[in-house]
Amino acid sequence: MAKLPVSVDKLIQDFGPHKNYTPKDGFEGTHEPDKLVKTHCCFCGMQCGIQLKVKDNTIAGFEPWMEFPFNEGRLCPKGVQRYLQNNHPDRIMEPLQRVEGKGFEPIDWDTAMGRTVDEIKRIQGKYGNDAFAMLSGVSLTNEKSYMIGKFARVALKTANLDYNGRLCMVSAGAGNKKAFGLDRISNSWADLKHAEVIIIAGTNVSETFPTLTHYIWQARDNGAKLIVVDPRVTPIARTADLHLPVKPGTDSALFGAILKILVDNDWLDHDFIENHTSGFDQAIDAVKDFDLDWAEAKTGVPQEKIMQAATMWGKAKTSFLLHARGIEHHTKGVDNVLSCINIVLATGRIGKPYCGYGTITGQGNGQGGREHGHKCDQLPGNRDITNPEHRKYIADVWGIEESEMPGKGLSAYELVEAIHRGEVKGLITICFNPLVSLPNNNFVREALEKLEYFVAIDFFLNETARHADVILASSLHEEEEGTVTTAEGRVVKINAAITPPNNARRDGEIIMDLAKRLGAGDKFNYENSEAIFNELRVASKGGTADYFGITYEKIEKNMGVFWPCPSEDHPGTPRLWEDKKFRTPDGKAHFNPVPWKESSEVVDKEYPVVLTTGRVVSQYLSGTQTRRIGKLVDQYPEPLLEIHPKLAYHYGIKERELVKVVTRRGEAEFPAQLVETIREDTVFIPYHWGGKQSANQLTIGTLDPISKIPEFKVCACKLVPTKKWAGPANESPAYQSF
Ligand SMILES: Nc1nc2c(c(=O)[nH]1)N[C@H]1C(S)=C(S)[C@@H](COP(=O)(O)OP(=O)(O)OC[C@H]3O[C@@H](n4cnc5c(=O)[nH]c(N)nc54)[C@H](O)[C@@H]3O)O[C@H]1N2
Ligand SMILES: Nc1nc2c(c(=O)[nH]1)N[C@H]1C(S)=C(S)[C@@H](COP(=O)(O)OP(=O)(O)OC[C@H]3O[C@@H](n4cnc5c(=O)[nH]c(N)nc54)[C@H](O)[C@@H]3O)O[C@H]1N2
Ligand code: SF4
Ligand SMILES: [Mo]
């Protein structure tokens, strides 16, 4: 059996942005595969169908899966190259433990698991159960998400479980629950093609959900008008009928102003408002002063454009509004979402063909993973952990007393703050790289260093795992069967193509083994993934995210089933709300008042430039996976600072010159990329890198009070050119705009 080097310091050194890798055999195309396995991409929420070519228990390539209805064979650069992770030389193939001063050394499973369980018991015995926490991720299947929720509450007996969706969809989830009582996009993508007007707010769809753009093009071919709201002229914005270059953090002013215009012009669906909604008067009262002058001053969008957008939306008969992290990663993320929902409800364009609204879910299983108990305040079926009836129902499914079920725990960033304060002493992470992905990561690093015991479950040594005491060698997406729920609410099947190599184990087996060693083995006795799914179906029954009627067989037969699906004879629900029976207590859709609020940190003389962060097409999240795939690295090898030429001129910054970006949290240097596609007062940095290249050294750890999402999309920075320049600073027009 291949052994890892005693020390993996070398691996750590090599773990950088330039690590190129192509499979040594190059056997793609030269050997016939043993089999083709139909499954889905391991990356974003589109969950494109793909067929993996298997040769000798290795993924040797892929074939398009033409029949899968969403993507019909189309894939983006990440999907095409995901198979290169398999057989990668960095793969962790057996458990590792850290030896001070030496790096990591391989250990056997029994020692790794034994040590972990001893430490859990020691820490919980000394400091209480909640002093041992767990952070999880939604690249994991529904089965694993469900099992981890149960594991944390039943085996680890801690309240402190949260997940990386906390950095992702929670503002949208909270907004959707407030407005509709349910957290899912309203329509399947098929409805997008026939909408008359489409608003895309705060999402760079062509780079982040590339296969979805096909649906937008089709809508355009059918005559749809496209409005894009983004501080950057993103690729999709270049093809839009109208681009609104909003200043980061001001979307609620924009959508509030649009609501006011809809009211002033009576572009309203009075019947829908009267019979199916509540709260309209309060919502319009909150925007009564949002006139065009004010809105232009706040948002930086010329008032003619705001008027044009409102007119296009107001006069349309069918429409779709989509948003993603651009409006959600804010301390007013929930408010921004509600301000979008208000214009959808005012025009009654929901629950009808070609009329839709929703967030575009980010991670592969960002939808399903946020429904079945991963969250610190939630139980399966999107139940509420503070609701006595919900607790009782799930306690019965799990075979425990309701009184044994822990309560609401801390959210992801709050958990790190609790570690920093010394209140939480032990941590398990699975499928999460908080040191790269959480804001203000110098603070996160300090917290990690205070842990008494930290165990990471991963297949690559990510930046956070380098601080672990023990690493448990786990499985890639293609090594375990299960289901995921796509961004449109379609539950699809992930099929295992190969088994984990060498001494690596499936995530599911690791969790079950830990549960057994913690004395809860009888509650984690699953024969296979289907057995977990069948328990999940019962646990979700009657909840808003009801999967009871979904079976593995039905998924395979129909290439996916849309939840809610309450009984086996139910066909699933691609389009919500046709019956107008919203899942709120009064059965109505709720308008919510959204008064104006500033972002947590606004620019000033000392920090005069707005910093925003996000993604590029070839890299994925914290980059652990895509920074190891040579061709994706070639496409975008290092983080660049996008800056408008006028702002660059003001500081004397030239193309590719290093610029020091300084915030109140930290500083870092990035080569400048001069682009006319960004606002003159804003710079953008992609966040897929760690260490000195991490954008999250700069971002701010303030949270939305409701969703607890961090404000990744706006903070104040100053730029310090690293080359001296003698140019006339005050000449720059950009200077005027601060
Ligand atoms: N290539 C790639 N694709 C991905 C991912 C990835 O890492 N790489 N990750 C997946 C995941 S988990 C997610 S969450 C999604 C994210 O998908 P997106 O939300 O599309 O991606 P981001 O780049 O985070 O942000 C989108 C846009 O928000 C804009 N923006 C910044 N501030 C504001 C603001 O205040 N208002 C408005 N209106 N716009 C603003 C940015 O300019 C950017 O173009 O992508 C998924 N797909
Ligand atoms: N500045 C800034 N920061 C951001 C964002 C931003 O826009 N700007 N976006 C935020 C968003 S939307 C998100 S979703 C987060 C994501 O942040 P993270 O969730 O931390 O990012 P990932 O790269 O997905 O980290 C997941 C880890 O899980 C591992 N992994 C993947 N699949 C599996 C699996 O099946 N099993 C196991 N055991 N491990 C697995 C990977 O190897 C990787 O090490 O980042 C957030 N951070
Ligand atoms: S669009 Fe998303 S799911 Fe489809 S291939 Fe690209 S990363 Fe994978
Ligand atoms: Mo995300």
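**Considerations on the domain arrangement of the chain**
What the domain assignment reports for the chain is domain 1 (8-85), domain 2 (107-163 + 373-472 + 504-526), domain 3 (170-359) and domain 4 (609-731). Placing the centre of domain 1 and that of domain 3 at their C-alpha centroids yields a distance of 36 Å. Taken together, the contact between domain 1 and domain 3 spans nine residues of the former and nine residues of the latter. Between the two partners, domain 1 and domain 3, sit zero salt bridges. The interface formed by domain 1 and domain 3 contains two residue pairs in polar contact (both at pLDDT 80 or more). Per-class residue counts for the side of domain 1 that touches domain 3 are seven nonpolar, no polar and two charged.

**A closer look at the site of ligand 3**
Around ligand 3, the structure places Cys-41, Phe-43, Cys-44, Met-46, Gln-47, Cys-48, Leu-75, Cys-76, Lys-78, Gly-79, Pro-210 and Thr-211. Across the shell around ligand 3, the residue classes break down as eight nonpolar, three polar and one charged.

**A short note on the pattern of salt bridges**
Using the criterion set out here, one finds 47 salt bridges in the structure. In this structure, the salt-bridge partner of Glu-568 is Arg-537, at a minimum N-O distance of 3.0 Å. Note that Glu-568 is positioned in the loop between strand E21 (561-562) and strand E22 (589-590) and Arg-537 in helix H21 (residues 529-540), a separation of 31 residues in sequence. Notably, a salt bridge pairs Glu-601 with Arg-664, separated by 2.9 Å at the nearest N-O pair. Taken together, the positions of Glu-601 in the loop between E22 and strand E23 (609-614) and Arg-664 in the loop between strand E25 (658-662) and strand E26 (667-674) put the pair 63 residues apart, joining distant regions of the chain.

**Concerning the sheet that holds strand E7 (residues 161-163)**
Across the sheet, which stays open at both edges, the seven strands sit in the order E5-E4-E18-E17-E16-E6-E7 with mixed pairing between neighbours. Strands at the two margins of the open sheet, each flanked by one partner only, are strand E5 (103-106) and E7. Averaged over all adjacent pairs, the angle separating strand axes in this sheet is 20 degrees, with direction ignored. In terms of strand pairing, strand E4 (residues 96-99) meets strand E18 (residues 470-473) through two bridges, oriented antiparallel. Looking at the pairing, Leu-96 lines up with Ile-471 of E18. With respect to the sheet, helix H3 (residues 109-127) is in contact with E4, strand E6 (132-136), strand E16 (426-430), strand E17 (453-458) and E18, its orientation differing from that of E18 by roughly 130 degrees. Where helix H20 (residues 507-517) meets the sheet, it contacts E6, E16, E17 and E18, and its direction lies at approximately 145 degrees from that of E17.

**Here we look at a negative patch on the surface**
There is a patch of like negative charges on the surface, built from Asp-289, Asp-291, Asp-293, Glu-296 and Glu-304. For Asp-291, the location among the structural elements is in the loop between helix H11 (280-286) and helix H12 (292-299).

**Re the packing of aromatic side chains**
Per the stated rule, a full pass over the model turns up 20 aromatic pairs. Aromatic pair Phe-151 and Phe-524: ring centres 6.4 Å apart, planes at 80 degrees, arrangement edge-to-face. Note that Phe-151 is positioned in helix H4 (residues 142-155) and Phe-524 in the loop between H20 and H21, a separation of 373 residues in sequence. Assessed through its relative accessible area of 3%, Phe-524 is described here as buried. Relative to Trp-577, the ring of Phe-180 lies with its centre 6.0 Å away and its plane at 25 degrees, an arrangement referred to as stacked. Taken together, the residues span a long stretch of sequence, with Phe-180 in helix H5 (residues 170-180) and Trp-577 in the loop between E21 and E22 at a distance of 397 residues. Owing to a relative accessible area of 7%, Trp-577 belongs among the buried residues under this scheme.

**What to know about the site of ligand 1**
The local shell around ligand 1 holds 35 residues, among which Asp-230, Asp-251, Arg-615, Gln-619 and Leu-621 are the closest. In this structure, an oxygen atom belonging to ligand 1 sits 2.9 Å away from a side-chain N or O atom of Arg-232. Measuring from an oxygen atom of ligand 1, one finds a backbone N or O atom of Arg-325 at 3.0 Å. In isolation ligand 1 offers 900 Å² of accessible surface; the protein chains occlude 100% of this area. Its atoms largely coinciding with the cavity grid, ligand 1 occupies the second largest cavity. When residues in the shell around ligand 1 are grouped by element, the largest group, three residues, is from helix H14 (residues 325-328).

**Quick word on the pairing of strand E28 (residues 715-721)**
Bridge count for E23 against E28 is three bridges, and the pairing is antiparallel. Note on E28: the bridge partner recorded for Val-610 is Ala-716. Where E25 and E28 come together, four bridges link them in antiparallel fashion. Considered in E28, the bridge of Val-661 is made with Leu-719.

**Concerning the sheet that holds strand E3 (residues 58-64)**
Read across the sheet, three strands follow the order E1-E2-E3 without closing on themselves; strand pairing throughout is antiparallel. Strand pairing shows two members of the sheet lacking a second neighbour, strand E1 (35-40) and E3, which therefore form its edges. On average, adjacent strands in this sheet sit at an angle of 35 degrees to one another, irrespective of strand direction. Relative to strand E2 (residues 49-55), E1 runs antiparallel, the two sharing six bridges. In the strand pairing of E2, Lys-38 is matched with Gln-51.

**Here's the deal with empty space enclosed by the protein**
This model, assessed by the stated rule, comprises nine cavities of 30 Å³ or more. When its volume is computed, the largest cavity comes out at roughly 630 Å³. If you list the elements that add at least two residues to the lining of the largest cavity, you get E17 and E23. Each of domain 2 (107-163 + 373-472 + 504-526) and domain 4 (609-731) gives at least three residues to the lining of the largest cavity. Its volume calculated, the second largest cavity comes out at about 480 Å³. Forming the boundary of the second largest cavity are 36 residues, of which Asn-204, Thr-208, Arg-325, Arg-615 and Lys-713 lie nearest the centre. When its residues are assigned to classes, the lining of the second largest cavity shows 14 nonpolar, 14 polar and eight charged. Two domains each donate at least three residues to the lining of the second largest cavity, and these are domain 3 (170-359) and domain 4 (609-731).

**Digging into the environment of Leu-410**
Within the secondary structure, Leu-410 sits in the loop between helix H16 (388-398) and helix H17 (412-420). Each C-alpha atom of the pair Leu-410 and His-467 lies 22 Å from the other, and the pair is 57 residues apart in sequence. If we skip the residues at most four places from it in the chain, Leu-410 touches Asn-160, Leu-161, Asp-162, Cys-376, Leu-415 and Ala-418.

**Digging into the nonpolar core**
With 142 residues, the main nonpolar core has Phe-151, Phe-180, Phe-255 and Phe-524 as its most contacted residues. Each of two domains, domain 2 (107-163 + 373-472 + 504-526) and domain 3 (170-359), supplies a minimum of three residues to this core. For Phe-524, the contacting residues outside a window of four places in its chain are Met-147, Lys-150, Phe-151, Val-154, Ala-155, Met-512 and Ala-515. Residues Cys-42, Leu-192, Ile-198 and Ala-224 belong to the second largest nonpolar core, which totals 72 residues.

What counts and how
- Residues numbered from 1 in each chain as written.
- Chains lettered and ligands numbered in written order.
- Predicted model: local features only at pLDDT ≥ 70, side-chain atom pairs only at ≥ 80, totals over all residues.
- Heavy atoms only, no water.
- Domains from an automatic or database assignment.
- Contact = heavy atoms within 4.5 Å.
- Salt bridge = Lys/Arg side-chain N within 4 Å of Asp/Glu carboxyl O.
- Polar contact = N/O pair within 3.5 Å; in protein donor to acceptor, adjacent residues only side chain to side chain.
- Nonpolar A, V, L, I, M, F, W, Y, C, P; charged D, E, K, R; others polar.
- Near = heavy atom within 4 Å.
- Helix = DSSP H or I, 4+ residues; strand = E, 2+ residues; numbered from the N terminus.
- Pairing = 2+ DSSP bridges.
- Axes fitted to C-alpha atoms, helices over the stretch in contact; angles between N-to-C directions.
- Patch = residues over 30% accessible without salt bridge, like charges linked within 9 Å, V, L, I, M, F, W, Y side chains within 5 Å.
- Areas by Shrake-Rupley, 256 points an atom, 1.4 Å probe, with all protein chains shown as cover.
- Lys, Arg positive; Asp, Glu negative; His and termini not counted.
- Charge placed at Lys NZ, Arg CZ, Asp CG, Glu CD.
- Phe/Tyr/Trp six-rings, centres within 6.5 Å; stacked < 30°, edge-to-face > 60°.
- Buried < 20%, exposed > 50% of the residue type's maximum accessible area, 1.4 Å probe, protein only.
- 1 Å grid on protein atoms, 1.4 Å probe; cavity = no way out; pocket = protein on both sides within 12 Å on 5 of 7 lines; lining within 4 Å.
- Sits in = over half its atoms within 2 Å of the grid points.
- Points joined across faces, edges and corners; volume = space filled by probe spheres on them.
- Core = buried A, V, L, I, M, F, W, Y, C linked by side-chain atoms within 4.5 Å.

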